[in-house]
Amino acid sequence: MSKEIDLESSYLKLPPVFYQRVQAASFPEASLLLFNESLALELGFPYQNYSAEELTSIFSGKTLLKGSTPIALAYAGFQFGHPVASLGDGRALLLGELKGFDIQLKGSGVTPFSRRGDGLSALGPVIREYIVSEAMNRLGIPTTRALCALRSGEEVYRQFGEEPGGIFTRVAPSHIRVGTFQYFAFKNDIDSITKLLNYTLERHYPEHLNLSSMAERAMALLKSFAQRQGELIAKWSGVGFIHGVMNTDNCALGGFTIDYGPCAFLDEFKFYKVFSSIDERGRYSFFNQVPIIQWNVLRLADTLLPLIDANESQAIKKVEQELIPLLENFTELRTREFARKLGINEFVQEDTLIVTEFLEYLEKESLDFTLSFRNLPSLYNDTNIFYPKTKELDSFVTKWKQRVQSVEHLDSINPIYIPRNHLVQKAIELSYQGDMSFCKKLLTVLDSPFQEREEYKEFSLPPLQQERVERTFCGT
Ligand code: AMP
Ligand code: MG
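Residues numbered from 1 in each chain as written. Chains lettered and ligands numbered in written order. Predicted model: local features only at pLDDT ≥ 70, side-chain atom pairs only at ≥ 80, totals over all residues. Heavy atoms only, no water.

Brief notes about the overall build of the protein
Okay, so step 1: Across its full length, the protein holds 17 helices and twelve strands.
Okay, so step 2: By the compact-globule yardstick of 23 Å for 476 residues, the protein fits well, its C-alpha radius of gyration being 23 Å.
Okay, so step 3: Across its three principal axes, the protein shows a C-alpha extent of roughly 65 × 60 × 40 Å.
Okay, so step 4: Across the 476 residues in the protein, those meeting the buried criterion constitute 59%.
Okay, so step 5: When the accessible surface of the protein is summed, it comes to about 19,600 Å², and 50% of that surface belongs to carbon and sulfur atoms.
Okay, so step 6: Averaged over its 50 positive side-chain charges, the protein has a centre that lies 2 Å from the centre of its 60 negative ones. (Helix = DSSP H or I, 4+ residues; strand = E, 2+ residues; numbered from the N terminus. Rg over C-alpha atoms; globule rule 2.2 N^0.38 Å. Buried < 20%, exposed > 50% of the residue type's maximum accessible area, 1.4 Å probe, protein only. Areas by Shrake-Rupley, 256 points an atom, 1.4 Å probe, with all protein chains shown as cover. Lys, Arg positive; Asp, Glu negative; His and termini not counted. Charge placed at Lys NZ, Arg CZ, Asp CG, Glu CD.)

Given below as structure tokens:
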């Protein structure tokens, strides 16, 4: 077995308060279910040199690659708006980095941050994260990636009883969260916040490293982070993605999607759609994702105030002047994304009305979100058999046609295949029975989400009544 691979660990250079060293639990019966060969190649990981048994041993944490010192990271977070001073990787383990990307196991056993949890993961969330994160990547949305899924060979006990366990290998540009900053803010540890700020710039915003003062660096980080998050939510909105649990500990400083817990995609369009069983008040509903991300960015700002100005009211004033205008632009970023999906290339403010009219029409008619955008060319070319003819549709079409020059390119913007909830659910159910073939086929379909293929027809269709997924669960 070639062992030329060498993991780095930049996180280990941070002070020990940032993490805890951990060993994975033992999973003698673990087996390999999915392995992402193309991602392995991108990372320079020579997977061909390893047998399935060896890969299983590596990605269950038993065999350590050269240079690997497994650690669980410390972080805090605001969960559903409530502060929790200590969360941390309760069931995750950072093995190290390859080409600057974190290689992390999820579900590999308890850590000092497990609290009352078992440190394990059920197989369902592993399969969901694998499918959805890879699909998001193909849809052009910044995200963590999926390298490997294992069956752990053990049972875990969850809400609905016993389930097979799973171990997931996640690849991420980093695991720095808003909650990581909050962990030190809760302790009033300004020195660690300063170190974390510099580390975050090195990994995600090196263009700001030329700024010499910490005040400038903090403001620059806030603004760049806000910009990326605003764009991310716009992209989520464009594919009907509902994250479901946008707590600050699930909000990555690199501005990509992380932690696919109770996430789901819209079937029929509804502005304030909620799937997550624990989101009783709709805090993380589809259209609430903009105000929530604004709130999360401000929570990061809270932690950086002491670096921005020793005088807190001066620091707040600076944030209000420089950051708030960026946050206020998030709604427009989302509207622009919908306009782009409608084929409106040169956005002007009046187009907001066209977007709103279209979305209100979709909601009123309970139309499938994905197909409603995909079928737009037929509406433009007067060959429509998809959209119910109503006065609202007429009103929209009249205005829309004046603003669209061409719909030729729309099939490369509006996907036909997304990881629909019922398809993911079916993949999970079959995987529980030991059958991975549907899951693998779904991954193949989602690999090219914009290209229609006759033989994949069933993957483009909304769920039948009996297939509908109404509720999603964290499953942790
Ligand atoms: P999540 O809902 O996945 O974002 O997790 C929130 C927090 O709960 C994180 O600190 C996790 O590490 C922790 N956690 C979730 N599931 C488990 C588990 N099964 N065992 C231990 N900790 C967990
Ligand atoms: Mg999380």
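Having seen the model, we can carry on.
Observations regarding the coordination of the magnesium ion (ligand 2)
Okay, so step 1: Asn-250 (OD1) and Asp-259 (OD) make up the full set of protein donors to the magnesium ion (ligand 2), lying at 2.0 to 2.1 Å.
Okay, so step 2: For Asp-259, a relative accessible area of 12% puts it in the buried group. (Donors = N, O, S within 2.8 Å, 3.2 Å for Na, K, Ca; no water.)

Describing the site of ligand 1
Okay, so step 1: Of all residues adjacent to ligand 1, which total 18 residues, the nearest are Gly-88, Gly-90, Arg-91, Gly-119 and Asn-250.
Okay, so step 2: Residue Gly-88 places a main-chain N or O atom 2.6 Å away from an oxygen atom belonging to ligand 1.
Okay, so step 3: Between Asn-250 and ligand 1, the recorded distance is 3.0 Å, taken from a side-chain N or O atom to an oxygen atom.
Okay, so step 4: Protein contacts shield 86% of the accessible area of ligand 1, which totals 480 Å² for the unbound molecule.
Okay, so step 5: Within the shell around ligand 1, the residues separate by chemical class into three nonpolar, eight polar and seven charged.
Okay, so step 6: The two domains that each donate at least three residues to the shell around ligand 1 are domain 1 (10-172) and domain 2 (178-333). (Near = heavy atom within 4 Å. Polar contact = N/O pair within 3.5 Å; in protein donor to acceptor, adjacent residues only side chain to side chain. Nonpolar A, V, L, I, M, F, W, Y, C, P; charged D, E, K, R; others polar. Domains from an automatic or database assignment.)

Some details on the nonpolar core
Okay, so step 1: Grouped together as the largest cluster of nonpolar side chains are 119 residues, with contacts concentrated most on Phe-45, Phe-59, Phe-181 and Leu-304.
Okay, so step 2: In terms of domain composition, this core takes at least three residues from each of domain 1 (10-172) and domain 2 (178-333).
Okay, so step 3: With residues up to four places along the chain from it excluded, the contact list for Phe-181 reads Ile-176, Ile-193, Leu-196, Leu-197, Thr-200, Leu-221, Leu-253, Leu-300, Thr-303 and Leu-304.
Okay, so step 4: Among the nonpolar cores identified, the runner-up in size contains 33 residues, and Ile-242, Ala-339, Leu-362 and Leu-379 belong to it. (Core = buried A, V, L, I, M, F, W, Y, C linked by side-chain atoms within 4.5 Å. Contact = heavy atoms within 4.5 Å.)

Things to note about the packing of aromatic side chains
Okay, so step 1: This model, assessed by the stated rule, comprises 37 aromatic pairs.
Okay, so step 2: On the numbers, 4.8 Å between centres and 80° between planes, the contact of Phe-386 with Tyr-387 is edge-to-face.
Okay, so step 3: On the accessibility criterion, Tyr-387 (3% relative accessible area) is buried.
Okay, so step 4: Linked through ring pairs, Phe-269, Phe-271, Tyr-272, Phe-286, Phe-287, Phe-338, Phe-358, Phe-369, Phe-373, Tyr-380, Phe-396 and Trp-400 together constitute an aromatic cluster.
Okay, so step 5: The ring of Phe-275 carries the charged tip of Lys-273 above its face, separated from the ring centre by 4.8 Å. (Phe/Tyr/Trp six-rings, centres within 6.5 Å; stacked < 30°, edge-to-face > 60°. Lys NZ or Arg CZ within 6 Å of the ring centre and 35° of its normal.)

Topic: helix H10 (residues 330-341)
Okay, so step 1: For H10, with twelve residues, the first-to-last C-alpha span of 17 Å sits near the 16 Å given by 1.5 Å per residue.
Okay, so step 2: Every buried residue belonging to H10 is among Phe-330, Leu-333, Arg-334, Thr-335, Glu-337, Phe-338, Ala-339 and Lys-341, and all of these are buried.
Okay, so step 3: In the stretch just after H10, Gly-343 is the one whose phi turns positive, near 90°. (Expected span 1.5 Å × (residues − 1).)

Details of the environment of Leu-105
Okay, so step 1: Position of Leu-105 relative to the elements: it lies in strand E7 (residues 101-106).
Okay, so step 2: Using a relative accessible area of 0% as the deciding quantity, one classes Leu-105 as buried.
Okay, so step 3: For the pair formed by Leu-105 and Ile-324, sequence separation is 219 residues and the distance between their alpha carbons is 37 Å.

Section: the domain arrangement of the protein
Accessible area lost upon the coming together of the parts is a frequently used measure of interface size.
Okay, so step 1: Split by domain assignment, the protein resolves into domain 1 (10-172) and domain 2 (178-333).
Okay, so step 2: Between the C-alpha centres of domain 1 and domain 2 the distance comes to 23 Å.
Okay, so step 3: Taken together, the 37 residues of domain 1 in the interface contact 34 residues of domain 2.
Okay, so step 4: Looking at the side of domain 1 facing domain 2, the largest losses of area belong to Phe-18, Phe-78 and Phe-80, adding up to 23% of the total buried there.
Okay, so step 5: In this structure, the salt-bridge partner of Arg-203 is Glu-97, at a minimum N-O distance of 3.7 Å. (Buried area = accessible area lost by both parts, 1.4 Å probe. Salt bridge = Lys/Arg side-chain N within 4 Å of Asp/Glu carboxyl O.)

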